[in-house]
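Results of the structural survey
Residue-level listing of the chains:
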Amino acid sequence: MAIIKFDKSFMFGACTSAEQSEGHKNNFSTNWDIFFKNDPKAFFDEVGPENTSEVYEHYKDDIKLYKELGFDSFRTSFSWARIFPKENIVSKEAIAFYHNYIDELISKNIKVMFCLNHFDLPDWIINKGGLENSSISDNFEEYAKLILDEFGHKIDYLMTFNEPIVPIQCGYLGKFHWPRIIDNKKAIQASYTTILMHSKVINLFNTKYRNLLKTKIGVIVNLSPALAKDCITNSSEDQKAADIFNLLHNYALLDAMCNGTFSDELINLLKQENLMIDIPKNEKEIIAKNKIDFIGINYYSPFRVTARPLEEQKNYNNNLLEKFAMPFSWKESRMNPFRGWEILPDMMDILCKIVKERYNNIPFYISENGMGVQGEEKFRNSEGYIDDYYRIAFIKEHLLSLNKAIIKYNVNCFGYHMWASIDCWSWLNAYKNRYGFIEVDIANGKRIKKASAYWLQEFVKTREFDEKFDLIEKYIDIKTKQ
Ligand code: BGC
């Protein structure tokens, strides 16, 4: 019997985010409120951001459950809009709320991890032009300063962003986030603003706080490595398309945010596409000075791509991400039928390789991994809780692959978090797909542990499991419903 084992210092826990879990008590408004007011039908069942899981009221009970489940760490985000409902106005209620929330985690000996931003922007930032206006990086720095002054001494890990590419990909190269446009020039400007926001905060931290606080600082990115087709029948054009996709989707922001650099390939590509912007010398220096302690990697699925035919590329002036690479759907892929994402745990190997080779073996953790399932109530057992054995299998498959990759590459991976600690509102999908270890009944706010929660609380006691276990397909059909 081969046993997979993680050592005691390896963090286990889960996460959520402010907008997705807290609800909107207090008076503030975000890009998501603007979007929802504008087009409520775009959201599953027309459920908007106002009443998400009500963690604002339930945080004490939730944290009690997290302790029961054995979390040694927990990540969420601050709501910039809750804290600064208007420019230069700080909400005392919001500050008190976050103190209480954090103190509760500390009292349960759970490591405190917060992002400054997880897809949400205050409405007044949107009115200034949002990510298209690079001067909002000064507002972001002020917000970070307030967070560090108030809460710095209580936070173990602070992250500037969660998945910074997503608001760009979904808001400026797609219609899933505000402002819902497809505009390559604006997408590049928004990317640049994001990099500057991150870099100003990192420099603030390194110059004023590093010697005063035990906090570690970093950023969380979603890495979805691009695979050329089925990895068997691909051509060199397909591989080139995958390389460009990786450059734009996975590396462009992280190169700048982690290494302080823009690669020659990226600059050449942007020049070729007439999309390069002028970067003032002083800002280039701020970016080059970036020095972070760790990265978080959210991993759900790879992208399979094939090359767009050359003739089509020539006249293509839509979403840059898809100019060279087109999605490829492989009939052999194991698909999460609800989310439409491929399940490929072996990618942990590639992720560790990327960290080792491209990001100088920086310490990292798997900050999100998870399985969204629609209609989970059909798996409720006679005892009244959801038997999500598919989720337990999903976690084991990924932990097995991660464990092997850590040893193979000798990388410094310090933890694994599931998305999500508790069922939450997932943007346009609202409550359609459930991710949590803990079910939330949105009619009455009731919390009920799922089978995966009971599994976790036993697992963390030994941190080991048998390498032989039943795979996801034993419990759920992940082949046919694509
Ligand atoms: C995001 C979450 C989101 C989840 C499921 C992650 O990439 O960080 O905010 O709810 O995906 O779609």
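Let me begin by describing the structure that accompanies this report. Everything quoted here is computed from the prediction, not taken from an experiment.

1. Some points on helix H16 (residues 451-462)
Turning to H16, its buried residues are Ala451, Ser452, Ala453, Trp455, Leu456, Gln457, Phe459 and Val460. Among the residues trailing H16, Arg463 stands out with phi positive, at a value near 60°.

2. A word on the packing of aromatic side chains
Scanning the model with the defined rule gives 48 aromatic pairs in all. On the basis of an interplanar angle of 80° and a centroid distance of 6.3 Å, the ring pair of Trp32 and Phe43 is categorised as edge-to-face. Here Phe43 lies in the loop between helix H2 (31-38) and helix H3 (55-69) and Trp32 lies in helix H2, a separation of 11 residues in the sequence. According to the relative accessible area criterion, Trp32 is buried, its value standing at 1%. Given the relative accessible area of 2%, Phe43 is considered buried. Three or more aromatic residues link up through ring pairs in this structure, and these residues are Tyr56, Tyr59, Tyr66, Phe71, Phe74, Phe78, Phe97, Tyr98, Tyr101, Phe114, Phe151 and Phe437.

3. Some details on the environment of Leu105
Within the secondary structure, Leu105 is located in helix H5 (residues 92-107). We classify Leu105 as buried; its relative accessible area is 0%.

4. Overview of empty space enclosed by the protein
By the definition in use, this model includes 4 cavities of 30 Å³ or more. A volume near 340 Å³ is recorded for the largest cavity. Counting only elements with at least two residues in the lining of the largest cavity, the list comes to helix H8 (165-171), helix H9 (184-209), helix H10 (236-259) and helix H11 (264-272). Class assignment of the residues belonging to the lining of the largest cavity gives a composition of 20 nonpolar, 3 polar and no charged. Estimated volume of the second largest cavity: approximately 50 Å³. As for the second largest cavity, its lining consists of Pro164, Ile165, Val221, Asn222, Leu223, His249, Asn250, Leu253 and Leu254.

5. A few points about the site of the ligand
Near the ligand lie 13 residues; those nearest to it are Gln20, His118, Glu163, Ser426 and Trp427. Interatomic distance of 2.8 Å between a side-chain N/O atom of His118 and an oxygen atom of the ligand. Between Tyr435 and the ligand, the recorded distance is 3.3 Å, taken from a side-chain N or O atom to an oxygen atom. Isolated, the ligand exposes 310 Å² of accessible area, and the fraction of that covered by the protein chains is 94%. Of the pockets mapped on this structure, the ligand occupies the largest pocket. Taken together, the residues of the shell around the ligand break down into 6 nonpolar, 4 polar and 3 charged.

6. Remarks on the layout of surface pockets
The calculated volume of the largest pocket comes to roughly 1200 Å³. Those elements that provide at least two residues to the lining of the largest pocket are H8, H10, strand E9 (303-307), strand E10 (325-327) and strand E12 (341-342). When the residues that make up the lining of the largest pocket are grouped by side-chain class, the tally is 22 nonpolar, 18 polar and 6 charged. What lines the second largest pocket is a set of 21 residues, and nearest its centre among them are Leu121, Ile126, Leu131, Tyr172 and Trp178. Going through the elements one at a time, H2 and strand E5 (157-162) are the ones with two or more residues in the lining of the second largest pocket. Looking at the lining of the second largest pocket residue by residue, the class counts come to 11 nonpolar, 7 polar and 3 charged.

7. Digging into the environment of Tyr390
Note that Tyr390 resides in helix H15 (residues 389-409). Taking the relative accessible area as the measure of exposure, Tyr390 reaches 1% and is therefore buried. Separated by 61 residues in sequence, Tyr390 and Ala451 have C-alpha atoms that sit 9.8 Å apart. Setting aside chain neighbours within four positions, we find Tyr390 in contact with Met371, Val373, Glu376, Phe379, Ile472, Tyr475 and Ile476.

8. Comments concerning the sheet that holds strand E6 (residues 216-222)
Sheet architecture is closed into a barrel: 8 strands sit in the order E2-E3-E4-E5-E6-E8-E13-E15, paired in parallel fashion. With strand direction ignored, the average angle separating the axes of adjacent strands in the sheet is 25°. Its contacts with the sheet put helix H7 (residues 136-151) on strand E4 (111-117) and E5, and the angle it makes with E4 is roughly 160°. Each of E5, E6 and strand E8 (294-298) is contacted by H10, which is oriented at about 170° to E6, the strand it contacts most.

9. As for the packing of H15 against H16
Packed helix pairs are specified by the crossing angle of their axes together with the interaxial distance, meaning the distance between the axes. Packing of H15 against H16 brings their axes to within 8 Å, and their N-to-C directions diverge by 40°. Considering the angle they form, H15 stands oblique to H16. As for how H15 packs across H16, the hand of that crossing is right-handed. Contact residues: Tyr389, Arg391, Ile392, Ile395, Lys396 and Leu399 in H15; Ala451, Ser452, Trp455 and Phe459 in H16. Tallied by class, residues from the contact of H15 with H16 come to 7 nonpolar, 1 polar and 2 charged.

10. As for the packing of H3 against H5
At a minimum axis separation of 9 Å, H3 and H5 run at an interaxial angle of 10°. When the axes of H3 and H5 are compared, the pair comes out roughly parallel. Contacts between H3 and H5 involve Val55, Tyr56, Tyr59, Lys60 and Ile63 on the former and, on the latter, Glu93, Phe97, Asn100, Tyr101, Glu104 and Leu105. Here the residues of the contact of H3 with H5 sort into 7 nonpolar, 1 polar and 3 charged.

11. A closer look at unusual backbone geometry
Trp178 connects to Pro179 through a cis peptide bond whose omega is 10°. Looking at the secondary structure, you find Pro179 in the loop between H8 and H9. Look at Phe119: it is not a glycine, yet its phi comes out positive at around 70°. For Phe119, the position within the fold is in the loop between E4 and helix H6 (123-127).

Conventions used here
- Residues numbered from 1 in each chain as written.
- Predicted model: local features only at pLDDT ≥ 70, side-chain atom pairs only at ≥ 80, totals over all residues.
- Heavy atoms only, no water.
- Buried < 20%, exposed > 50% of the residue type's maximum accessible area, 1.4 Å probe, protein only.
- Helix = DSSP H or I, 4+ residues; strand = E, 2+ residues; numbered from the N terminus.
- Phe/Tyr/Trp six-rings, centres within 6.5 Å; stacked < 30°, edge-to-face > 60°.
- 1 Å grid on protein atoms, 1.4 Å probe; cavity = no way out; pocket = protein on both sides within 12 Å on 5 of 7 lines; lining within 4 Å.
- Points joined across faces, edges and corners; volume = space filled by probe spheres on them.
- Nonpolar A, V, L, I, M, F, W, Y, C, P; charged D, E, K, R; others polar.
- Near = heavy atom within 4 Å.
- Polar contact = N/O pair within 3.5 Å; in protein donor to acceptor, adjacent residues only side chain to side chain.
- Areas by Shrake-Rupley, 256 points an atom, 1.4 Å probe, with all protein chains shown as cover.
- Sits in = over half its atoms within 2 Å of the grid points.
- Contact = heavy atoms within 4.5 Å.
- Pairing = 2+ DSSP bridges.
- Axes fitted to C-alpha atoms, helices over the stretch in contact; angles between N-to-C directions.
- Parallel < 35°, antiparallel > 145°, perpendicular 65-115°, else oblique.
- Left-handed = near helix turned anticlockwise from the far one by under 90°.

As far as function goes, none of this settles anything; it's purely spatial.
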